[in-house]
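The residues making up each chain are set out below.
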Amino acid sequence: MSTSVSLSLRDVHLAFGRNQVLRGVDLDVARGATACVIGPSGSGKSTLLRTVNRLLEPDRGDVLLDGRSVLGDDPDALRQRVGMVFQQFNLFPHMSVLRNITLALRRIRKLGEDEAVAVARTHLDRVGLAAKADARPAHLSGGQQQRVAIARALAMQPQVMLFDEATSALDPELVKGVLAVLADLSAQGMTMVVVTHEMGFAREVADQVAFMDAGVVLEAGEPGAVFEAARHPRLRRFLSQVL
Ligand SMILES: Nc1ncnc2c1ncn2[C@@H]1O[C@H](COP(=O)(O)OP(=O)(O)OP(=O)(O)O)[C@@H](O)[C@H]1O
């Protein structure tokens, strides 16, 4: 794994037209730490993630990796450093699992075919899918497809990983396997931001839980402090609805 970096968002604002979605987001994720972002639908969680790898540009504020702003960086170079996994797995349906992973290794990391295949197999093994290298995505379960998407992102040797509701599209029995991969990655010291509705995962795996409401991080802290001793009434109300 390449070295993880710290991540900071400073007073990030973003509007879609007149809809002011981010209203001054501050978040600090230490190197190697896992932050889980929780909060009501529409509070801006996905939008926040997308500002980190510049799928969206903030109107104001800053995004920093290891203390350095990334807002002037080449987006393609930045996206090699910041891997992202989406709710829908976004695999190429007409390619084998292996090819889905080697494609970017060859085109972006410029690896030769043999090395790309070797790297891809290593990462497939890491997510427990070495035996599925030659399968088409459609022949895999949703949970397996999501693990391929994770392997594909990890193969690029990111320094930060973003997960946008990575288990929300999965049948309940498939969620566990994907969360186990995330927990493993967290334990290995990857810097991660995980937008999730899985409160059990947040409680057990996160170093920090950040509660977003109406475009700001209203409260953040260690899981025990957030789940057991929430200060803000809006967070207490949210938790009473989801726990
Ligand atoms: N590309 C876009 N164009 C216009 N509006 C958008 C766009 N993306 C998100 N929004 C709006 O931004 C607001 C926040 O959306 P966002 O997806 O960030 O919320 P969320 O907290 O991730 O919600 P959920 O938990 O339901 O996924 C919503 O009002 C949404 O309609």
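Structural data are supplied above this passage.
Note that the structure is predicted; figures quoted are calculated from it, not measured.

Re unusual backbone geometry
Okay, step 1: In this structure, Arg-54 is a non-glycine residue whose phi angle is positive, near 65°.
Okay, step 2: Looking at the element boundaries, Arg-54 is found in the loop between helix H1 (45-52) and strand S4 (60-65).
Okay, step 3: The backbone phi angle of Ala-214 is positive, close to 50°, even though this residue is not glycine.
Okay, step 4: By the element assignment, Ala-214 lies in the loop between strand S9 (208-213) and strand S10 (216-221).

Overview of the site of the ligand
Okay, step 1: Taken together, 13 residues lie around the ligand, and Ser-41, Gly-42, Lys-45, Ser-46 and Thr-47 are the ones closest in.
Okay, step 2: At 2.6 Å, a side-chain N or O of Ser-41 approaches an oxygen atom of the ligand.
Okay, step 3: Residue Ser-46 places a main-chain N or O atom 2.9 Å away from an oxygen atom belonging to the ligand.
Okay, step 4: Considering the ligand on its own, with 640 Å² of exposed area, one finds that the protein chains cover 58% of that surface.
Okay, step 5: Going through the elements one at a time, strand S2 (19-29) and H1 are the ones with two or more residues in the shell around the ligand.
Okay, step 6: Looking at the shell around the ligand element by element, the count peaks at three residues for H1.

Describing the sheet that holds strand S1 (residues 7-16)
Okay, step 1: Taking strand neighbours across the sheet as the criterion, the four strands line up as S2-S1-S4-S5 in an open arrangement whose pairing is antiparallel. With partners counted over all chains shown, the strands left at the sheet margins are S2 and strand S5 (68-69), one partner each.
Okay, step 2: Pairing of S1 with S4 involves five bridges; the strand directions are antiparallel. Bridge pairing links Leu-7 to Leu-65 in S4.

Considering the pairing of S4
Every regular strand shows the same layout, with side chains that alternate between the two sheet faces.
Okay, step 1: Two strands pair when backbone bridges link them, and S4 and S5 are joined in this way by two bridges, in the antiparallel orientation. Counted as the bridge partner of Leu-64 is Ser-69 from S5.
Okay, step 2: Hairpin connection from S4 to S5: two residues lie between these consecutive antiparallel strands, with Asp-66 at a positive phi of about 50°.

Calculation notes
Residues numbered from 1 in each chain as written. Predicted model: local features only at pLDDT ≥ 70, side-chain atom pairs only at ≥ 80, totals over all residues. Heavy atoms only, no water. Helix = DSSP H or I, 4+ residues; strand = E, 2+ residues; numbered from the N terminus. Near = heavy atom within 4 Å. Polar contact = N/O pair within 3.5 Å; in protein donor to acceptor, adjacent residues only side chain to side chain. Areas by Shrake-Rupley, 256 points an atom, 1.4 Å probe, with all protein chains shown as cover. Pairing = 2+ DSSP bridges.

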